[in-house]
Every structure is written in C-alpha cells, then in structure tokens.
Amino acid sequence: MSSQRIRVTEYLEIDPESTTWHCERCGHAIGPASENYKRGLLLHDRDPREIHPARFEGEHSFAPDPSWCRIVEYYCPGCGVQLETEYLPPGHPLAHDIQIDVDALLARASEIREGQAR
Amino acid sequence: MEINVDIGGTFTDCLATAEDGRIRTAKALTTHHDLSIGFLRAVEDIAADAGLDVDGLLGRTTAIRYATTLGTNALIERAGPRLGLLTTRGHEDTVPIGRCRQWADGLPATATRDLSRARRPEPLIEREQIAALTERVDSTGRVVMPLDREEVRDRVMDLVDQGVRGFVVCLLNAHVNPEHEKLVRTVIEEEYPDIYLGRFPTILSHEVSQRAGEYARSMTATINAYLHRFTSDRLSSLRDELRGRGYGGELLLVHNSGGMGSLAATTPIQTVHAGPVSGLYGSRHLAQSHGFDKVVTTDMGGTSFDVGIVVSGSVRFYEFNPVIDRWHVQIPMMDIAAIGAGGGSIARVDPIIGIAVGPESAGSNPGPACYGQGGTEPTVTDANLVLGYLDPDNYHGGKLPLDRRRAERAIERRIAKPLGVSVIEAARRIRKVVDEAMGAEIFKGITVKGYDPREFAVFSFGGGGPMHACGYARALDASKVVVPPHSSVFSASGAAGLERLHIYERSVWMVLFNPLVKQLFTDFDGFNAIVDEFHARAVSDFAGQGYGADDIETVVELDMRSTGQLYVITIASPVRRMETQDDLAAVIKAYFEEYGDRFGDLALTKEIGISIDAIRLRAWIPRAAPQRVERAASGQPVSAARKGTRTCWWTTTEQPRETEVYDYAALSTGHRLTGPAIVEAADTNIVIEPGWSGEMDGYGFFTMRQEDNS
Amino acid sequence: MSTAESSTAQFFADLLNNQPVMYGPDPEINAEYRLRPRTEREDEALAAITDPADLSVGLSRVEAVLQSSIEMMQQISASAAAKWGDLIVGIYTKEGDFAVATSSGVNMFSATTSSVPKFIARYWADEPTVGIAEGDVFYHNDANYGGTHNPDHTLLIPLFWKGEHIAWIGAIIHEGENGAAIDPGGFSVRATTKYGEGIRIPPMKIGENYIVRRDVVNLFQNQVRDPMLWLTDIRSKLAASRAVERRLHDFMAERSPELLIATMRSVLETTEAEVRRRIAAWPDGIYRASHFADCTLMEERLFKLSVELEKRGDRLTVRTKGSSPSIDRALNAQAHFTRAMVGNLFMNFLYGDLPRTAGFIAALDFELEPGSIVTADSEQPSSLSLLTMFSLNSALHQAVTKAMYAVPGVAKPMAPWYPQVPTLQYGGLTQHLQVTANVSTEMNAAGGGALHDRDGEHAAGPIFAPVSDWGEMELREAELPLLGLWRRIPADNHGFGKFRGGASVEWAYMLYGSQMFGFGLTSMGGRFPVTGGMFGGYGGSCTPLTRIRPSGGVDAVRQWLLDGGKGLSFEASTMVSSQPIAGEYLVGNPMQPADPRVEGDIWIQRVGGGGGYGDPLERDPEAAMLDLRRGLISPEVATQVYRLVWDEERMEADVEATEAARAEERRARLARGRGYDEFVAAWRADSPPEHLGYLGSWDWADPGAGEG
C-alpha cells in the first residue's frame, strides 16, 4: 500500500510512513515531522518595501518601516514555492509555529484523512 | 368584470370578480418567455367557466390589475442591460462597497453570522462601468466644485465604447441640488440624441428619489434603469395585445407600495415584489370586513414563508429603506418578512437543537422525496405526508401522486436513525420545529413594530399556510386563525382591494426644537411649500389618469427622530400645513404619542431635540370596498361534506387517531368541525389540530379557534 | 480549641474579613469561564422536558424575542456606535452564565459579562441595603468587574416569575463619552492610570420597580460631557430589557418557567460539547503565532502579542506568554476580554452556525500569565484595551488556522481579517448648534482575509460584529460639520497572495461648517502592518495618518475647489508629494487624540485590507491582471510581487511570459535563500533594537522559538 500523505497546511504534508514533512507541491522531503519544518527550508530576509511600496522617502511612507519590520520568507528548496511569511522586528526569534504530535497524528491517520475527504 | 392577475415564479394566479359579485379563480403555469401566454390561459379558464370566450370576457372587463415578477426575475437572473453609473469623483467605490453591510443584505439571518462566508453577489453594474465625474455639492446644496462638461462627455463616450446602453447618474447631494445631474443628462442628450441609439435611458437619481443616502439612491435609480426595458416595452405590448382582443379598459400595475397605477404612472422599481405586497395590502379589506383592524398575513409556499402586517390607519408596517433582491433602496414598500420555511424546506440534524428546518429547500425540482423526482432529503411535505395530513392520491387535485415510502425512507435515513427515534416521532418533531420557526418569525415581525401579537388576527394563505396554521398560531398565543376564500391565490385576491396611489417624499433637515439653544422651528413657509408642491404634483399625476382634484384623498406623513437617534419614526401629521405654534406643538405631541405607543413611554427622552427627516405626501383615489356576497347555506349537514377518514399522528397526542376528512368545496355557511380533522381543497389542506375547531361563514371565511390551552 | 478561643477567633475573622472597606472586583469571579455546575432547579427543569423538540422551540422563541428587542434598541438609542451595530441583548442564567445572545451585534460581549450578574448575586443579593428583587435595575461599565472597556455599558434586570428569580436580562451598548480627564468620546488616549479614564461604575442598582433614580442618573451625567447620551441610552436599554421581560413572561405563562430554564442550560452545555467535538478533530500539537503592534498611544513603541495553542484530544489550551507586560497606558486588557477575543474568533469566523453563548469559551482552556498586557489587574488603565485585543486577533487567527487546517470541518481556513479601527473620532458643536461627541463608522470597512479558495471581501465589516453598516456620506454631512472629500479603495491596500485579501478604503474628511469641533483617531499600523498573511501570502501594508492644514484655512480650500480643485488627486500620498494647496502636510502615527481642529483641516486615513493567502506566484495571472486593471494593485506590485507580464496597450496578461518570469523568480528564491542555521546566524539579534522601545519576550532559548 502506498503511503498517503496527510495535508497539514496549504503547502505541507506529512508522510506517515517515514514521518517526514514534505512540500505538497513538489514532494521534496523537508525534514522529520517531529521537528520544526522551517529547519528544512530556505529563508530570506526581505526588506518590506520591496513588497509594500513606499510612497515617499523617510518614515511613515505607507510601507512598513524596515528598521521596525522585516519579512522573513520561507521557500521550499525543491521547487521554490513560498510556504510561509513572517513579519518580525529585525533579529527577533523565528516562531516554531507548528509542532505536531506525530504519534497522535499516526494513531488517528485514517480518521483525519476521512475528515479531510469531506 | 374585474380581473386580478398575479404572476408568480411557478404559477400565474387569476381572480375575476363578475358584476354580480361572483368570484372565479384560475391557476396556470407561468410562461417565463412570454408572460402574457400564461395569463391568457388562466383567462381562458375563467371565460370558459363563465360561458364566454376570451374576447367576450375581455370585452366586459372594466379593470385588469396586474402584478408581475418580470422585474424580480430580471434582477435575480441579472438579465438586464449593460448600464453605466456616473458618480462623484472620490466616491466611485460607494456602490461596490455597499455600506459594508451589503454582503448580508437580502440574505436570511442564518447566513449572516459568519464573516468567513461573507460574499457579495454579482453586481448590477460592473466596476469598469462606474465612471467618476469631478464635481461636488455640499449638504446644503451649495456647489463646492463645478461640473466639467468635457469630462462628462469623455466619460460617457468611454462607457458607450464599452457597450453601455443606459446611464444612471447619482451625484452626492443631488437630492438637495440637482443641477449637476441635470447637466449630465444635457451632455448625454447632446452627445447621443435619442434617434441615434434608440431608447437610451438616462436615469437621474434625484428624479427617482429625493431622499438622502447616496448608496440607496444609486441602487434605486439603478434598479429603475435596469428594469426600464422590461416594464415599458413588455407591458405596453401586453396592453396592446389585450386591446386587440377586445379589452377597452386600463392595464393597472400593482405597486409594492400597496397601491397601483397605470403604466405611465408606474416606475419600474415599484413593480418588484408587488405580488406579495398586493396580497398583503389588499387583505386589509378582507380583514376590515371581518371586524379586524390588526391583521398578520402568512403565506407559505414551497420555499418561503412570508409574513406581512397590516394595521388600519398606521404606517408602521411600511419599510422605507427596504432591500430588493440584494440591494438597499429608498422606496416606501410594504414590509414583508420572509424566512426559508416552506413545503420544500429540508430538515436536518443539528447538534444544538436536535432538528433544524431550512432555509435550504428542495424546491420543486427535485422537490420533496415523496415527489419521486429524485429528491433524497426529507422535507416538511414529507413529514406532513407521513403524519397523514396529505392524501397521496389527491395532491394538487391528483395531478402529483405522492410516494409515502420515499418520504419515510428519507426521514429515517437523515433524521430518525441518527437521533434514534421512530420515523413518526421524527416527522412530528420536524413539524414542531418548523411551526415554531414560523411562529417566531411572525412574533418578531409584530413585536419589532411595537405591537402585541395577541391583538392580531392571523390570516393564513398559500398552499402550505392552512396546513400549519394551528401550529404557528399556537406559537403566537393567537387563539384564532382565518383561512380566507381563494387563499391559494393570495396575491390575486388581495389586488382586488387596491387603490390608485402616489407617494411623494423628500429628505429635509428641520429641527423642531433645540433645547441647547432654546430654539423652536420657524420655517413654516418652507414646510408648507414642500407639501403644496407635492399636492400639486398629485393633482397633475392623477389628472393624467382621468381624476379631478376632488377625487383625491391625501395624508401628510413625517419621518421624525429625536436628536442623536438614527432611525426615524413615521407619523401621520396632525396638520396639513403649519401656520401657528399650535400646529408645531401638535406635530411634536403626535411624535411623542407615537413613540410612547411603539416603544413605551419609558424609552422617550423629551429633553433632547426633535427633527423632521423627511416629508411625505400619500395621495390616493379612494374606492369602495369590493362587494361581499353572502352565500346561502347549502341546507346540508356538515356530515355531507365528510369524505372519509385517515390515520393521522398529532404532535399533542401519543397514539395515532382516525381522523375525519372533509371536502372544502362542500362546506357551507355555519358548518362547524371539531379537531382533529382535515379539510381538503383543490390546492391546499386545512389541518385542524386536536383542541381546535373550525367554522365556515357565509363569505367563505373558515375560522379556526383554539378550544382549550393544550 | 476552647469555646473562648474559638469565639475570639470568630471575633477576629469577622473583624478582618467580613466588613470590607470596598467591594472591589472579585478575582475568583473574574477568573471563571467554565459553566457553573447545574443547579438543582436546572436539573429539575431539564428532567421536566419530555420532548427534546421543545428545547428547539424554547431557543427559537428566545432568539426571536432578543432579536426583536435589539432592533428596537437600535432605533431608540442615541449612541452612534449602537446605531451601526455595537450593542447586544441577551439572557443569562440565574447563576450568571450568559446563555443566549442576539445573532447580530457584538458577540464577544457574551463572553465577558457573566461576571457582572455573578458579582451582584454574590455581594448585593444579601446586602440589606441593596438586595435583588423584581423590578430592580442594575448598571455597570467598569471593565475591572467584567465587560470590555468603560465605554461599554451594561444594564441588567432580574427576570422573575411568580416570585422566583429565573434569569437575568441584559442590554449592552457602546456609549462613548465617559468623562475622561483629557480625552472626550470614551477613548482615553492620554490616561496613564485608571483615574484618568472617567467614570467607572461597578455593578450597582440604579432603580427599583422599574424606575431609575433620577439622582443617580444625574450623578453619572455630571461626570461626562454628553449628558443627553447617557439619559437617552439608559432609557433605551431599560426599555429593551423590559420588552424582553414581557415577552418571556408571556412565554413562561404559555409554556413553563422550566422550559426557559432548561433551554438556557441546554444551549450552554450543547454548545460547549459541540465546540469540543469539533476541536477534537484537529491534529494534536502546539501552534504558535505572534503579532506586533506599533504604538502605545502616546508614543510609537513596538509591543508583542503572542499566542500559543496546545491541542490535545478535545482540549485546546490558549496561552499568551511572551506577550508584552502591562504598561501605564490605557492599552491593558483584562483576562476576560482576552478570553472573549478567542470566543469572538470562534463565533464569527469558525462556527457561526452555533448560538452566541458563553458555551464557546467554556469549551477551551486558558493559561494566561499574570502581569501581562492581556491580563490587566484592576489598577491599570484599560479604556483602549480593544486596540490590544484587536492586535492579538491577528496572531490568534494565524495560530487557529494552522491548528485547524488539516480538519477544518465546517470552518474555512483563511488569512487574518483586518482587525483595527482607524475610524474618525469627533466632537464639538455641529453646524446645527447641536453638541455631539462620538466615533464614526469607518471601522466597518475592514478588509476581509483571503480564504483558502477565493479572494477576501473588500470592506466587509469589523471582526467583532459581522453585519455592520457604514451608513451614508450624505447623512453624515447633513448631521456633522464634515465634507467627505473621498472614500475610495486605493492601490495596494490589502495582502497579496495566491488569493488576495479584501481591500479597504482611504477616507478623507474636511472639517467644514464649524469652528468648534475636534477630530481624533486611535489606530495602529503606522510602521508595522496590522495583519500578517497566511501560508506564503503577505500581510497588509502600513496605514499612517495624513493631515493637511491649508494655510488659507477653509476659505482657501473653498476657492481652490471652486476653481476646479487642480491637483486634487483623491489619494493621500500623491497629495503629500504634490502639495496642490499651500499648507502644512503631516504624515505620521495614526494615533491622534481628539483635540480641537481648524475649519479646513483635512484628515486622510486608510482602513486596512485583509491578509493574503498562499504564494503570490500561484495567483492566476488573469486574476492579477484584473486587480491591475481595477487599480487594486500598482504596476510595481504587479511586477515585483506577482511577476505579472502584460500588454500595456490592451491591458491584457501575457500568460506565457508571466509563467516564465515566475519560473525565474523561483530560481532566484533558491539562489538567495539561506539554510536555517546560516540564516539565523546572520539574522539573530539577542536583544531588541533600542529605537523600538520594545515590550514583550525576545528569547532565542524559548522552546517556542525555532532554535537559534
């Protein structure tokens, strides 16, 4: 029987047999599901003005102030899809945002898949 | 002979009153591609019954009152023309935003609780066809920025290039100073004279409504423009066709304001939802003839349960800012609340209340499971069938046989089994829930207007109404329900009671007293000028329909509010004109009285100021109530009307009962039945529950009373 | 212990414990969010119900009664906020749990005010000078005893039937003006202690036999700048509550008091059970998100709102550790408000099909650290707690979406809804010589978050009241000294993504027709966006306040407009860049106290858009093209963010070239992206930058942080 991955976010799946995170788009194996998926991605520190255009020079430019706010972008090393963005003050710890209880997930795998099918 | 027609979504109902007072009704399927076909088929049936052909009948007809769903359908189906909207620069997103609440307008309350499901409907005018004009008028009418004619020309040409074939113009504060709107039309007419592009309507918002509120006024103007072609073209061709077949009278259109008028005296938006409104408003004659001055009409069809309230001499049952389809508009419309509770409403298991019914409906296709057309969901009709209230071989006069087993299976699968109860018990609960939901809707409709439900007579209409009347009346603590004759052609029957009516209204800002600066209102001339202007327009409009000034009755209404409050209270003004301080005092006192009556004196804060928000003149041509003809008793005992018995289960008793079944057509004056009993008519059944009795009077009114408090 | 000793012990116990100097907020009551255990009466009532369908009958009736009443209350209230939806009517069990609230209105009130009737029952029922009897009228606004903030007023009456106290009926309205020392209108921007926030009314009786004492109302009125508002709305709340009472009396006469009692208890229990059941379907785990708010009212400072959700079985534990500590600004929020925000998210965004009731938060577990800005104690100022709570919502929505994505059930995964309230505050003498002070309704134009399967709705209502009416510009101008120069959707004012967030408006008001009038604004997002995105989507942009003071005053503006308004661009940033009329142009923090302004002043402010969902490179090129054609995005964003390639002439997308550009951008991402450890090494700061004045945790060693 081929393993059926369990979708956990828009772009993340967990393979219950290998208990690994995968990119839902390209299948790239990101890392162990018991760990922080971000560790298996590529990260980029984005000047927010590249995304939210500034209207003028200086402060209160309608863009986020780059000395107050950066956008950390998370990419899949396989296909380059952007899985997540995080708006943070420069240098702030990155959130470990999804910490799945893998054993519990496996125990309920078929029930969860059924819930997903609906 | 007078003929009333109501064109509904499924059926075209016709009710004709002969010179001798005899009433004949007919129902034909609505022919959407050409509404006159269905209409003429119904007329044929009536003519045949009268021993005439269609031309002969029409030759003797003096009035035809016509309520159509043309407009409603065109709106819902987005079948109208491509229009352009010209509006003040800086406010071109007003209509797309729709006051932010727009996503919820026109939806049942159950669908407006969850922001994740907020979704606006298809617009009537696409964003690309909304053009901005540089101009501005302030709230006093002062021009702040002039209109640039060249820019108007450019924008209009752009829109025409995009295929626009009609213009709506709504500029801010045009209801106070319409000059710029008029100028826009002048430019359009210069650029596109009528002959070149044929009929090319340009609707100016201030000509449609003189009330403040740019979004609502835009939508009112837009709907008028949208429906312009449907009403003027198609209705005038219908009128021509009727003339061709011998009809020498006028074609009167029923208005959703509760009146009617000739084609020329009807704006398209007034025809929307006119059918249900005519039924409601016309019912007041029926009610008055029975001595009721407060009536709640209930019309239960396949999909929805409509509730309307009529109170003699009151204006509380008007909605001055109604929603038509999904759009807030500014026309005075009779207020009808609708909930998704009809014969086709689907029942399902609910985690909180056990069983929920509707608003999802199986409609007529596939319809209830018992129709055998592929419906698998249990509906209210399925429950009624299982409980024994319907004869499967006699539904719609036998034209639609019902399959009891399918009904049982649907109920079992979806409700009985999950809840662990019998099919009968599940059906009983479905009925209880839907009856209570309808009762609650009526309750809300009455109490929100400040009335006491116990003072109302409940009139039950529609295919489903009399089947559930005892159930929902109980929820109101109403002790009496009346099933009028011809109840299944509710709207058509109501139209018989309509009068020609025009309503003129305008937003104003008149502060009657300001306690902060101790000032009283002094601009009596301004007030009187508006009333006089409205009166002159009424005389002119009715003259066009062949009536003199003396034929007209009028009442002045005022929308008033206390300082700081949002909503207005509408009162009938105690004075026609203001000449003295006594007049001013009378108006203020009338407001206090209405306010206290509606909300309780506790809620009244006299200390704050009062202003008039809008002045309205209602002008109508009164007519005598339709003649009522009393039927003689048949001389037969009530048992002669008995058809047999059927096993029925009732919500108030454990065991089933062999229940008497009667033929409605055979019931006569004075016949009295004790519940439980079923009375079968051609397209409805009257269900008399245990603890209720019913009696037929000489006018065809069947009144049901609760005998005890069980 | 001897008799003598125990009586002495009793003496001292009485002396020290039973004669409080003041009846302050009860921490035990305030910490309660579980349902009280069933009373004997409730057991009895539930047992008396033989047909479960009767409970549905009961709920149907109660909801109809409440809805009827709230509509009436809206019509007769003076409060600006009430007119447009910031109110609620509901019933509480006798024990005090909020059982059923109206479908419309501010739902979160149902989770914050149970403590008020509980306080009354504990302290006033047996207090000889107070007591609880039929006809009593109780009032409250002090958020330390329950509720959200002081401008929200609660009026309660006990529902009796044949001598038995059955339930409580409550009406709550956001009134506004509260008599704060410096700031009119109820939002005490400049308060540093609770004493600067105006009148604080603990639960108290203000009337008996349904008659409110005029001297008590006079006391209230004497503290505030808008005595008329208070008078009118105490009456409107009482009238609405009495209408509910009357109808419920009828109902109990027709059916039974047992049915009403059973209905209330049943709704609470079944809602709680159903919420637990739905949550149980989610994957077990811990889900975290943080959001950063950029203003502490009187200065620009960055403070953190941090959310951690732990889901195990049918338990969902909500934690806020790491959030900013409490500060001497009116931003502190009590724990019951924090819990109510969670309830609000569930009620308005996940499970709108369930009744509005305290059963929602009873289904959850809360572990909120004391000393935090989201667990204010009773000494701290809190009239603007809502700003903190709204910022919290951004983090909450992200964390909840991550927790529920795998098995959403009836809910729809989505990006955060714009939660702030950049709405015009105003006060003074109008052109009609009427005195007014209140808030306008711009907040109702918040942009909706993008969903997993479609774009968000533009300007569709605030997070706390699903159906909210912005009203009409013409009505505003008729009543207030304002000229609405524009209110339109500007470009780039939403979160970009595969599905974009709903956009919102930029509004521009000029003071026009009065020389004695003030403008104010309390919002966030001048430097740090208020919403984040979801799963690769971007958040909203920043929304500073633009103020123009023309040198020649209103007369200069009048002339300029009459001459055609040359250079009037209908957009803030171009007005500032081109300065078409001489004057002072200020762009700054969207937080300005409501101070008197000069006629001719123009204030321009954006309400923010919702967050975007998914990688923008996955947005359908045709959809992005439509965004561009409609001016929702600028060409800059179309190119930079969406990598859209289009034909300028025909304004049509070149799908092939777009796909190629996107493929190139993906390669560029792979080239510039850094592995986790390498990235952190370059990125990490061990403490926050000085200039942020940062408040909140900043700890790389915290297990909630990806290890550094």
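Residues numbered from 1 in each chain as written. Chains lettered and ligands numbered in written order. Predicted model: local features only at pLDDT ≥ 70, side-chain atom pairs only at ≥ 80, totals over all residues. Heavy atoms only, no water.

Engineer: I keep staring at the overall build of chain A and nothing clicks. Help me out?
Structural biologist: A tally of helices and strands in chain A yields two helices and eight strands. Each helix and strand of chain A, placed in order from N terminus to C terminus, yields the pattern β-β-β-β-β-β-β-β-α-α. Out of the 118 residues in chain A, the part that is buried amounts to 63%. Partitioning the contacts of chain A with sequence separation of at least 6, the portion at a separation of at least 24 is 38%. Carbon together with sulfur atoms contributes 44% to the accessible area of chain A, which is approximately 4,300 Å² in total. Between the averaged position of the 12 positive side-chain charges in chain A and that of its 20 negative side-chain charges there is a distance of 3 Å. (Helix = DSSP H or I, 4+ residues; strand = E, 2+ residues; numbered from the N terminus. Buried < 20%, exposed > 50% of the residue type's maximum accessible area, 1.4 Å probe, protein only. Contact = heavy atoms within 4.5 Å. Areas by Shrake-Rupley, 256 points an atom, 1.4 Å probe, with all protein chains shown as cover. Lys, Arg positive; Asp, Glu negative; His and termini not counted. Charge placed at Lys NZ, Arg CZ, Asp CG, Glu CD.)

Engineer: Sorry, what's going on with the pattern of salt bridges here?
Structural biologist: The tally for this structure, following the rule as stated, stands at 142 salt bridges over all chains. Between B:E150 and B:R153 there is a salt bridge whose closest N-O contact spans 3.5 Å. Of this pair, B:E150 and B:R153 are both found in helix α5 (residues 149–161), three residues apart, which corresponds to roughly one turn of the helix. One salt-bridge network, in which partners are shared between bridges, spans A:D101, C:R288, C:E308, C:E310, C:R312, C:R319, C:K321 and C:E367. (Salt bridge = Lys/Arg side-chain N within 4 Å of Asp/Glu carboxyl O.)

Engineer: Is there a simple way to explain the sheet that holds strand β29 (residues 642–648) of chain B in this structure?
Structural biologist: Within a sheet, each strand pairs with its neighbour through backbone hydrogen bonds, oriented either parallel or antiparallel. All names here are of chain B. Strand order in the open sheet made by the four strands is β29-β30-β32-β33, with mixed pairing throughout. A single partner strand is all that each edge strand has here, and the edge strands are β29 and β33 (685–688). Within the sheet, the average angular offset between the axes of one strand and its neighbour, ignoring direction, is 25°. Examined bridge by bridge, strand β32 (residues 677–680) and β33 share four bridges and lie antiparallel to one another. Within β33, the position partnered with I678 by the bridge is V687. (Pairing = 2+ DSSP bridges. Axes fitted to C-alpha atoms, helices over the stretch in contact; angles between N-to-C directions.)

Engineer: Could you clarify how one ought to interpret the domain arrangement of chain B in this entry?
Structural biologist: A common way to report how large an interface is uses the accessible area buried once the components associate. Residues and elements named next belong to chain B. Segmenting chain B into domains produces domain 1 (80–227) and domain 2 (500–621). Domain 1 and domain 2 are separated by 29 Å when their C-alpha centres are compared. With four residues of domain 1 at the interface, the matching set in domain 2 holds six residues. Buried area between domain 1 and domain 2, summed over both chains or domains, comes out near 430 Å², and the portion from carbon and sulfur atoms is 37%. Run the count over domain 1 and domain 2 and you get one salt bridge. A salt bridge links R211 to E505; the shortest N-O distance between them is 3.3 Å. On inspection of domain 1 and its partner domain 2, the count reaches four residue pairs in polar contact (both at pLDDT 80 or more). (Domains from an automatic or database assignment. Buried area = accessible area lost by both parts, 1.4 Å probe. Polar contact = N/O pair within 3.5 Å; in protein donor to acceptor, adjacent residues only side chain to side chain.)

Engineer: How should the sheet that holds strand β17 (residues 545–550) of chain C be read in this particular structure?
Structural biologist: All names here are of chain C. Spatial strand order, β14-β15-β20-β17-β18: five strands in an open sheet with antiparallel pairing. Either end of the sheet is taken by a strand with one partner, and the two such strands are β14 (482–488) and β18 (583–588). Pairwise comparison of adjacent strand axes, ignoring direction, gives a mean angle of 15° for this sheet. Taken together, the three bridges between β17 and strand β20 (residues 602–606) define a ladder with antiparallel strand orientation. Bridge pairing in β20 places R547 opposite W603.

Engineer: Would you explain the interface of chain A and chain C in this entry?
Structural biologist: The interface of chain A with chain C comprises 66 residues on the first partner and 88 residues on the second. Taken together, the two surfaces of chain A and chain C that pack against each other cover about 6,400 Å², and 58% of this comes from carbon and sulfur. By the criterion of area lost to chain C, the three top residues of chain A are A:H60, A:F62 and A:W68, representing 14% of everything that side buries. Between chain A and chain C we count nine salt bridges in total. The residue A:R55 makes a salt bridge to C:D492 at a minimum N-O spacing of 3.5 Å. Linking chain A with chain C are 43 residue pairs in polar contact (both at pLDDT 80 or more), by the criterion used here. For the side of chain A that touches chain C, the leading source of residues is strand β7 (residues 82–88) of chain A, giving six residues. Among the residues forming the side of chain A that touches chain C, the class breakdown is 33 nonpolar, 16 polar and 17 charged. Of the strand pairs in this sheet, strand β5 (residues 42–46) of chain A and strand β23 (residues 674–675) of chain C are connected by two bridges, and their pairing is antiparallel. When the bridges of β23(C) are listed, A:L43 appears paired with C:R674. (Nonpolar A, V, L, I, M, F, W, Y, C, P; charged D, E, K, R; others polar.)

Engineer: Can you help me understand the interface of chain B and chain C in this one?
Structural biologist: Each side of the interface is counted separately: chain B has 89 residues, and chain C has 98 residues. Between chain B and chain C, the buried area comes to about 8,000 Å², and carbon and sulfur atoms account for 55% of it. When the area that chain B buries against chain C is broken down by residue, the three leading residues are B:R113, B:L115 and B:I352, summing to 11%. Counting across the chain B and chain C interface gives 44 residue pairs in polar contact (both at pLDDT 80 or more). Listed by contribution, the elements that provide at least two residues to the side of chain B that touches chain C are α4 (94–97), β8 (143–145), α9 (214–244), α13 (423–447), α14 (465–475), β24 (500–514) and α17 (581–599) of chain B. The biggest single contributor to the side of chain B that touches chain C is α13(B), with ten residues. The class makeup of the residues in the side of chain B that touches chain C is 42 nonpolar, 15 polar and 32 charged.

Engineer: Before we go on, may I ask you to explain unusual backbone geometry in this structure?
Structural biologist: Both trends apply: most residues other than glycine have a negative phi, and most peptide bonds are in trans. For the peptide bond that leads from B:G358 to B:P359, omega is 0°, which places it in the cis range. For the bond running from B:G675 to B:P676, omega is 0°, close enough to zero to count as cis. Notably, C:Y210 is not glycine yet its phi reads approximately 65°, a positive angle. Tracing the chain through its elements places C:Y210 in the loop between β6 (204–208) and β7 (211–212). You will see that C:Q579, though not glycine, has its phi angle at about 45°, which is positive.

Engineer: Quick question: what am I supposed to make of the confidence of the model for chain B here?
Structural biologist: Parts of the model with low pLDDT should not have their predicted coordinates read in detail. For chain B, the average pLDDT comes to 88, and 97% of its residues sit at 70 or higher. Of the two predicted TM-score estimates for the complex, the pTM is 0.93 and the ipTM is 0.97. (pLDDT = per-residue confidence, 0-100.)

Engineer: Honestly, the side chain of C:S394 in this entry has me stumped. Any pointers?
Structural biologist: Along the polypeptide, C:S394 turns up in helix α13 (residues 385–404). Dropping the residues within four chain positions of it, C:S394 is found in contact with C:H291, C:P416, C:P419, C:V530 and C:T531.

Engineer: Where do I start with the environment of B:V423 in this structure?
Structural biologist: Residues and elements named next belong to chain B. Relative to the assigned elements, V423 resides in helix α13. V423 gets classed as buried once you look at its relative accessible area, which sits at 17%. Distance in space between the C-alpha atoms of V423 and G548 is 65 Å, their sequence separation being 125 residues. Ignoring anything within four residues of it in the chain, the contact list for V423 reads V386, E408, I411, E412 and A416.

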